[in-house]
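Summary of structural features
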Amino acid sequence: MTIYGKNPAMEVLRSKKKVTKAYVTKTTLELIKPYSKQIGEVQVIDTVKMAKQFGDKTQGIVLEIAEYKYADLNKVLKRVEDKENVTLVILDSLEDPHNLGAILRSADATGVDGIIIPKNRSVRLNDTVAKVSTGAIEHVDVCEVTNLNMTINDLKDKGFWVIGLELDGTIDYREQDYKGKIAVVVGSEGRGISKLVKENCDFLVRIPMYGKVNSLNASVSAGLLLYQILTSRGL
């Protein structure tokens, strides 16, 4: 996997992740020197060659790393079992890597405990997600599960309330109680939450719309909801 851009690259290095190879320019070489022990090979190239090889948005630094590994959901749940307030985000068949990257960024900013995505019919962790997340991918656990509905039922058995975000939700998202252990479900672009997942939600909340457009980008909706959760908890 290739990571580029100063912020994403530096977050990779700060996380102590092993880097197979680093491509840098003379101006960015100093940035990676403190992390030389975790970098297998460093190649200094000029900006013209870098742009030709990797595009014009690298900001002078490109890292080659192994594919991102998904977190184990059971380990995440074990880690948070004694917390009074827990927030998990379930992404139901989200397909746009830009949306996933932006949601990771909001999740990191709001202290989300983990993100759950289905193994099939969903965007995976990739270089675009990493770039858009501006480093948040290094700090938020993303768990991959085979069956979302089974996972939701397991979470309920463990004391979680499941809250779906939908256009036709019956509760204004500002009026919902988010205290305790919750898992919020954000649907796919355009289609929203799938029928069976929606039926398995305990509550369905909506974000009121006052303009001409009747929907928000999935990552924008998720960001609004995550900050409302903080507000509801007095944070």
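The text that follows walks through the structure, step by step, so that each part is easy to find. All values reported here derive from a predicted model rather than from experimental measurement. (Residues numbered from 1 in each chain as written. Predicted model: local features only at pLDDT ≥ 70, side-chain atom pairs only at ≥ 80, totals over all residues. Heavy atoms only, no water.)

**Here we look at the overall build of the protein**
Helices and strands together make up the secondary structure of the protein, namely nine helices and 11 strands. A compact globule built from 235 residues should have a C-alpha radius of gyration of about 18 Å, and the protein, at 19 Å, falls within 12% of that. Out of the 235 residues in the protein, the part that is buried amounts to 50%. Look at the contacts in the protein between residues 6 or more apart in sequence, and 76% of them connect residues 24 or more apart. (Helix = DSSP H or I, 4+ residues; strand = E, 2+ residues; numbered from the N terminus. Rg over C-alpha atoms; globule rule 2.2 N^0.38 Å. Buried < 20%, exposed > 50% of the residue type's maximum accessible area, 1.4 Å probe, protein only. Contact = heavy atoms within 4.5 Å.)

**Re the sheet that holds strand β11 (residues 203-206)**
Read from one edge to the other, the open sheet built from seven strands follows the order β7-β6-β5-β10-β8-β11-β9, with strand pairing classed as parallel. The open sheet has two edge strands with one neighbour each: β7 (142-145) and β9 (171-172). The sheet contact formed by strand β5 (residues 86-91) and strand β6 (residues 114-118) spans three bridges and is parallel. Paired with I90 across the two strands is I116, which belongs to β6. Across the sheet, helix α5 (residues 97-109) lies against β5, β6 and β7, angled at about 155° from β6, the strand it touches most. Of the strands in this sheet, β5, β6, β7, β8 (161-165) and β10 (181-186) are in contact with helix α7 (residues 148-157), which crosses β5 at around 165°. (Pairing = 2+ DSSP bridges. Axes fitted to C-alpha atoms, helices over the stretch in contact; angles between N-to-C directions.)

**Focus: the nonpolar core**
Within the largest apolar cluster, 48 residues are counted, with the highest numbers of intra-cluster contacts made by L63, Y68, L91, L104 and I115. Apart from the residues lying within four places of it in its own chain, the contact partners of L63 are M1, T2, I3, A9, V12, L13, V19, K21 and A22. If you look at the next biggest cluster of nonpolar residues, it comprises 21 residues, including L73, I90, L155 and A183. (Core = buried A, V, L, I, M, F, W, Y, C linked by side-chain atoms within 4.5 Å.)

**Points about the pairing of β8**
Within β8, four of the five residues are buried, which leaves the element mostly enclosed by the surrounding structure. Of the strand pairs in this sheet, β8 and β10 are connected by five bridges, and their pairing is parallel. Residue pairing for β10: V162 is matched across the bridge by A183. Bridge count for β8 against β11 is three bridges, and the pairing is parallel.

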